[in-house]
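# Descriptive analysis of the structure
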Amino acid sequence: MSQAVESILANYAGENPGVVGNLRRMLNHGRLAGTGKMVILPVDQGFEHGPARSFQPNPAGYDPRYHAELAVESGCNAYAAPLGFIEAIAAEYAGKIPLILKVNNSDSLASPAAPCSALTSAVEDALRLGCSAIGYTIYPGSKDRNRMYQDLRDLIREARKVGLPTIVWSYARGDISKDGETAIDVIAYAAHIACQLGAHIVKVKPPSEMIEQSAAKKNYESIDVSTLEARVRHVVESAFNGKRIVIFSGGPAKGKDAVLEEIAAIAKGGGSGSIVGRNAFQRPKDEAIQLLHEIQDLFAKA
Ligand code: FBP
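Let me sum up the structure you'll find in this document. (Residues numbered from 1 in each chain as written. Predicted model: local features only at pLDDT ≥ 70, side-chain atom pairs only at ≥ 80, totals over all residues. Heavy atoms only, no water.)

By the definition in use, this model includes 18 salt bridges. Note that Glu6 and Arg24 form a salt bridge whose closest N and O atoms lie 2.9 Å from each other. Of this pair, Glu6 sits in helix α1 (residues 3–9) while Arg24 sits in helix α2 (residues 17–27), placing them 18 residues apart in sequence. Of the residues examined, Glu6 reaches a relative accessible area of 18% and is grouped as buried. What emerges from the salt-bridge pattern is a single network uniting Arg65, Glu69, Glu73, Glu92 and Lys285. (Salt bridge = Lys/Arg side-chain N within 4 Å of Asp/Glu carboxyl O. Helix = DSSP H or I, 4+ residues; strand = E, 2+ residues; numbered from the N terminus. Buried < 20%, exposed > 50% of the residue type's maximum accessible area, 1.4 Å probe, protein only.)

In structure tokens, the structure reads:
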């Protein structure tokens, strides 16, 4: 039994044994097992951005099996994907690595006035496929946000009833500026909203130094947001003072040094881990495994 994991789970003490057990399963899997940190491979970019933008840099990624294999071989804590990719691999991989079913998705073929993902699968599918959690994206900042929050309320209730935790991708977009989507006040707010909605694990983008909301500027005068490490610390504080697991996304593909520099700051700032998609699967497999190992090592020694 890992002390680091059990002290994180103590923050979820009101939850039922199924939810706690699945969180424990994810925290105790892969190269980071027992450290209290997690690195997850998410592959929903084919749906979100399109297949060529996602998989042309490394065409092996057109095959759903490739990603499950990469997640296992690199020692990730879990693998997250939409229904089709999970269905394609679940018979072979359920039980080999915790699977996370992404139950909503949006494509980039239309430019809606109000960003909102469609419900693309259900809690029942997650159970049938042997998943350890469901994943759901909210877009705080969208005119449709209240509908997403209400759908999430229902999904969390349903998933909890059958012992599944919920991971919330909290991505502000809609009625805010493009740069503002990653402003520190917006990211901290997005993380907090996800926690208030009952997320067991929150996923946000790494925050920038910008302050988007004029009403928040005064308060940020006394909050250190000068470095990524400090900003991550503030996001973690905003997520119930570190009582919820907060992980940070990898973003578009970039050079290895830039990825590792960002992860080092996230790890030092108290982030619980990373969910790295394009920076992993768009590289040739051996390079991706090497990079994921280096990312995991940064969290392991944080
Ligand atoms: P990446 O590491 O590739 O950024 O993946 C994380 C992720 O949250 C994916 O799950 C999702 O498809 C993508 O980012 C969304 O990115 P964007 O907000 O740029 O469309």
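We are not done yet, so read on.
This paragraph deals with the packing of helix α9 (residues 184–196) against helix α11 (residues 228–238). At a minimum axis distance of 8 Å, the contact between α9 and α11 shows a crossing angle of 30°. Judged by the inter-axis angle, α9 sits roughly parallel to α11. In the crossing of α9 with α11, the sense of the turn from one axis to the other is right-handed. Within the contact between the two elements, α9 uses Ile184, Ile187, Ala188, Ala191 and His192 and α11 uses Arg231, His234, Val235 and Ser238. (Axes fitted to C-alpha atoms, helices over the stretch in contact; angles between N-to-C directions. Parallel < 35°, antiparallel > 145°, perpendicular 65-115°, else oblique. Left-handed = near helix turned anticlockwise from the far one by under 90°. Contact = heavy atoms within 4.5 Å.)

The next thing to look at is unusual backbone geometry. Negative phi values dominate among residues other than glycine, just as trans dominates among peptide bonds. For Phe240, which is not a glycine, the phi torsion comes out positive at approximately 60°. Relative to the helices and strands, Phe240 resides in the loop between α11 and β9 (245–249). We note that Asn241 has phi near 55°; this positive angle belongs to a residue other than glycine. Within the secondary structure layout, Asn241 lies in the loop between α11 and β9.

Look at helix α5 (residues 64–73) against helix α14 (residues 285–300): their axes get within 10 Å of each other, and the N-to-C directions meet at 40°. Comparing the axis directions of α5 and α14 gives the class oblique. Note that α5 runs across α14; the crossing there is right-handed. Contacts from Tyr66, Glu69, Leu70 and Glu73 of α5 reach α14 at Lys285, Ala288, Ile289, Leu292 and His293. Here the residues of the contact of α5 with α14 are counted per class, giving five nonpolar, one polar and three charged. (Nonpolar A, V, L, I, M, F, W, Y, C, P; charged D, E, K, R; others polar.)

Distances and angles like these do not, on their own, reveal function.
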